[in-house]
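Here is what each chain is made of, one letter per residue.
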Amino acid sequence: MSAYDPNRSDRIAALAQYPLPQHGLSRLWRYVTRREQPWLKNRLIHALISRYGIDLGEAEDPDPAHYASLNAFFTRALKTGVRPIDSAPDSCVSPVDGRGSQFGSINEGRIFQAKGREFDARELLGGDTALAECFAGGSFTTLYLAPRDYHRVHMPLDGTLERMIHIPGRLFSVNPATTRAVPRLFARNERVAMLFATPAGPMAVVMVGAMLVGSIETVWAGEITPPHGKRIRDWHYGDGGEPGVTLKRGDELGRFNMGSTVILLFARGAVEWAAGLGADSRVLVGQRIGTISGQD
């Protein structure tokens, strides 16, 4: 069987990104999105609203002029109660507003990316073989956040943070066209992998950076990237490491300063994805996307 050949427009979109100074452009965009001059930030915010049809009816502050910068607008909070968290004890909920581009199983250490494309769970997790073994035969989902989406990331389950790994890499776009065209996209882009102990066993939440994503931050450590760097950075929590962090299902854990992708990994038999979810399924923070096996 021949390898999947993306259509011509996908190939062009991907090839155009290879020679770009991806990190340099992202640093420049990060600078621009934090400018607080009213004439600039208001023009940028209104352009974004117009381009992507952003609905501010759910925003805690619906007035675009009140945001100090484009980044403040992009990471805006929502009104209390507009994202109810599914309360069933066995519920695994969506950590983001976005599209569930894939829901599936980790087969022989491989994770499905798009038709004809897979990537390695070990590579995704920074090359740690023992860590990848925790998820052998397990479940994964890939959730894509478009520019119009709410850009804070929340906990799918109650969890205690055990480890966080910053893995440097490229910054390709993660839109559907690039996902179809760039081999091993999510294992090549810069990312932050967080490992939690949960009622379902080990859970990895991987926040994948992308073109013009100025930074990734968490509620316990602040901004992780930039700096982008060239070496993997690894933090351990509790038992002599960094102070312990425990979060409840639905709690905010971090945010993208611009849009990107979140990948969830669970161990074998830990979670069963909800019926009806598949490629391009719309999901919202707090929505039940799976069931924890063995829970009452």
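Quantities reported herein were computed from a predicted structural model and do not represent experimental measurements.

Engineer: In this structure, what is going on with helix α2 (residues 22-33)? I would like to understand it.
Structural biologist: Within an α-helix, residues lying three or four positions from one another point in the same direction, as the helix has 3.6 residues per turn. With twelve residues, α2 extends 16 Å between its outermost C-alpha atoms, agreeing within 8% with the 16 Å of an ideal straight helix rising 1.5 Å per residue. For α2, the complete set of buried residues consists of Q22, S26 and T33. All buried residues of α2 lie within an arc of 30° about the axis, which places them on one face of the element. More than 90 degrees from the buried face of α2, the exposed residues found are R27 and L28. In this structure, the buried side of α2 is in contact with α4 (70-74).

Engineer: I keep staring at the pattern of salt bridges and nothing clicks. Help me out?
Structural biologist: Pairs can form between side chains of opposite charge whenever their charged atoms are close. In this structure the tally under the stated criterion is 15 salt bridges. A salt bridge links R34 to E223, with the nearest nitrogen and oxygen atoms 3.6 Å apart. With a gap of 189 residues between them, R34 in the loop between α2 and α3 (38-52) and E223 in strand β11 (residues 222-225) connect regions that are remote in the sequence. For E223, a relative accessible area of 34% corresponds to the partly exposed category. Among the charged side chains, a salt-bridge network with shared partners connects R110, E118, D120 and R122.

Engineer: What am I meant to see in the sheet that holds strand β14 (residues 252-257) here?
Structural biologist: Pairing between sheet strands relies on hydrogen bonds along the backbone, with the strands arranged either parallel or antiparallel. Taken in spatial order, the four strands of this open sheet run β6-β14-β10-β11, and their pairing is antiparallel. Single-partner strands in this sheet number two, and they are β6 (152-154) and β11. Between one strand axis and the next, the sheet turns by 30° as a mean value, whatever way the strands run. The pairing of β6 with β14 spans three bridges and is classified as antiparallel.

Cut-off values and rules
- Residues numbered from 1 in each chain as written.
- Predicted model: local features only at pLDDT ≥ 70, side-chain atom pairs only at ≥ 80, totals over all residues.
- Heavy atoms only, no water.
- Helix = DSSP H or I, 4+ residues; strand = E, 2+ residues; numbered from the N terminus.
- Expected span 1.5 Å × (residues − 1).
- Buried < 20%, exposed > 50% of the residue type's maximum accessible area, 1.4 Å probe, protein only.
- Arc of directions from axis to C-beta.
- Contact = heavy atoms within 4.5 Å.
- Salt bridge = Lys/Arg side-chain N within 4 Å of Asp/Glu carboxyl O.
- Pairing = 2+ DSSP bridges.
- Axes fitted to C-alpha atoms, helices over the stretch in contact; angles between N-to-C directions.

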